[in-house]
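Reading the structure
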Amino acid sequence: HIGRWARGIEVPKYDDDQLSASSLILADKMERVPSKEIGSGNFVIGNTFIRPRVSSSPTIPVRFKRTQYLSFWMQVYNLGIDDKSKQNSANIQYELVNLDTNKTILDVPDSSNKINPNADQITLEKTLPLASLTPGNYKVTVRVDDSVKAGQTGIKQQIAESAAFVVE
C-alpha cells in the first residue's frame, strides 16, 4: 500500500516582551560534550547531550527505574535585564511532588544570577538520583519568577513547566 499522511505542527510564538520557556525535557542521560561536538549530532543541544525519555502517549507518564537518574532540562527566554547592573534577576524553584501521597519531596530555590547573570536566556539543567524515591507517581515542576520585569512593568512575570513520571 502506498499512501500519504500529513499532519500540521503548531510552532509556539515567543513574544519578546513575555517571559517564556521551552518544554521541560525529562531524560535518563545528560552530560557535557567535547567542544568539537557542540551543537552537532543527535540529542545534542548546545554543549549538552540529552537523551530524552518519551512515552508511547502524551497521557502516559515516562517510566524510570530506581537505579537510574532523572535529568531535566529547560531553557528560559526573555528574562529582564536591569538597566543599572546589566544583570538578570530571576528566582527559580525546583519542586518534586509524590502524586500518590501529595507530599513534596524536594523544594529547592535557585537564582538566575548563579547560572548566567548577564543574559536574557538561561538553561536549567539538573540531575537527581532516584534510589531514595519509593516506587510511585511523581511530578517535577520548574517555576521561574522574573524580578526585573516585575519591577519594570509592575506586572509579575512567572512561568512554570511540569512533567509527570513514574518510578518503578
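So, here's what we can say about the structure.

Glancing now at the layout of surface pockets. A volume near 210 Å³ is recorded for the largest pocket. In terms of lining, the largest pocket is formed by 14 residues, of which the most central are Leu26, Arg53, Val54, Val62 and Ala164. Here the residues of the lining of the largest pocket are counted per class, giving 10 nonpolar, three polar and one charged.

The five strands are arranged β5-β11-β10-β7-β8 in an open sheet whose pairing can be described as mixed. Each having just a single partner strand, β5 (62-64) and β8 (103-111) make up the two edges of the open sheet. When the angles between neighbouring strand axes are averaged without regard to direction, this sheet yields 25°. Relative to strand β11 (residues 157-167), strand β10 (residues 136-146) runs antiparallel, the two sharing 11 bridges. For lysine 139, the partnering residue across the bridge sits in β11 and is alanine 164.

So, about the environment of aspartate 28. Residue placement: aspartate 28 occurs in strand β2 (residues 25-32). In this structure the C-alpha to C-alpha distance between aspartate 28 and arginine 63, which are 35 residues apart in sequence, comes to 9.8 Å. Once you skip the residues sitting within four places of it in the chain, aspartate 28 turns out to touch Arg51, Arg53, Phe64, Gln68 and Tyr69. A polar contact of 2.8 Å, which involves the side chain of aspartate 28, links it to the side chain of arginine 51.

In the Ramachandran plot, lysine 86 falls in the positive-phi region, its phi being about 60° despite a non-glycine side chain. Despite not being glycine, asparagine 102 has its phi angle at roughly 60°, a positive value. Tracing the chain through its elements places asparagine 102 in the loop between β7 (90-98) and β8. Residue classification places asparagine 102 among the exposed positions, given a relative accessible area of 63%.

With 28 residues, the main nonpolar core has Leu26, Phe72, Val76, Leu124, Val144 and Phe165 as its most contacted residues. For this core, the secondary-structure elements that each account for two or more residues are β5, β6 (69-77), β7, β9 (122-129), β10 and β11. Contact partners of leucine 124, with chain neighbours within four places excluded, come to Phe72, Trp73, Met74, Val76, Ile92, Tyr94, Ile115, Val142 and Val144.

The next subject is the pairing of β6. Burial within β6 is extensive, with eight of its nine residues counted as buried. Both strand β1 (residues 20-21) and β6 contribute to a ladder of two bridges, which runs antiparallel. Across the sheet, residue serine 20 finds its bridge partner in β6, namely tyrosine 77. Direction of pairing for β2 relative to β6: antiparallel, over a ladder of three bridges. When the sheet's bridge partners are listed, alanine 27 is paired in β6 with serine 71. The sheet contact formed by β6 and β9 spans eight bridges and is antiparallel. If you follow leucine 70 over to β9, its bridge partner there is leucine 128.

What counts and what doesn't
Residues numbered from 1 in each chain as written. Predicted model: local features only at pLDDT ≥ 70, side-chain atom pairs only at ≥ 80, totals over all residues. Heavy atoms only, no water. 1 Å grid on protein atoms, 1.4 Å probe; cavity = no way out; pocket = protein on both sides within 12 Å on 5 of 7 lines; lining within 4 Å. Points joined across faces, edges and corners; volume = space filled by probe spheres on them. Nonpolar A, V, L, I, M, F, W, Y, C, P; charged D, E, K, R; others polar. Pairing = 2+ DSSP bridges. Helix = DSSP H or I, 4+ residues; strand = E, 2+ residues; numbered from the N terminus. Axes fitted to C-alpha atoms, helices over the stretch in contact; angles between N-to-C directions. Contact = heavy atoms within 4.5 Å. Polar contact = N/O pair within 3.5 Å; in protein donor to acceptor, adjacent residues only side chain to side chain. Buried < 20%, exposed > 50% of the residue type's maximum accessible area, 1.4 Å probe, protein only. Core = buried A, V, L, I, M, F, W, Y, C linked by side-chain atoms within 4.5 Å.

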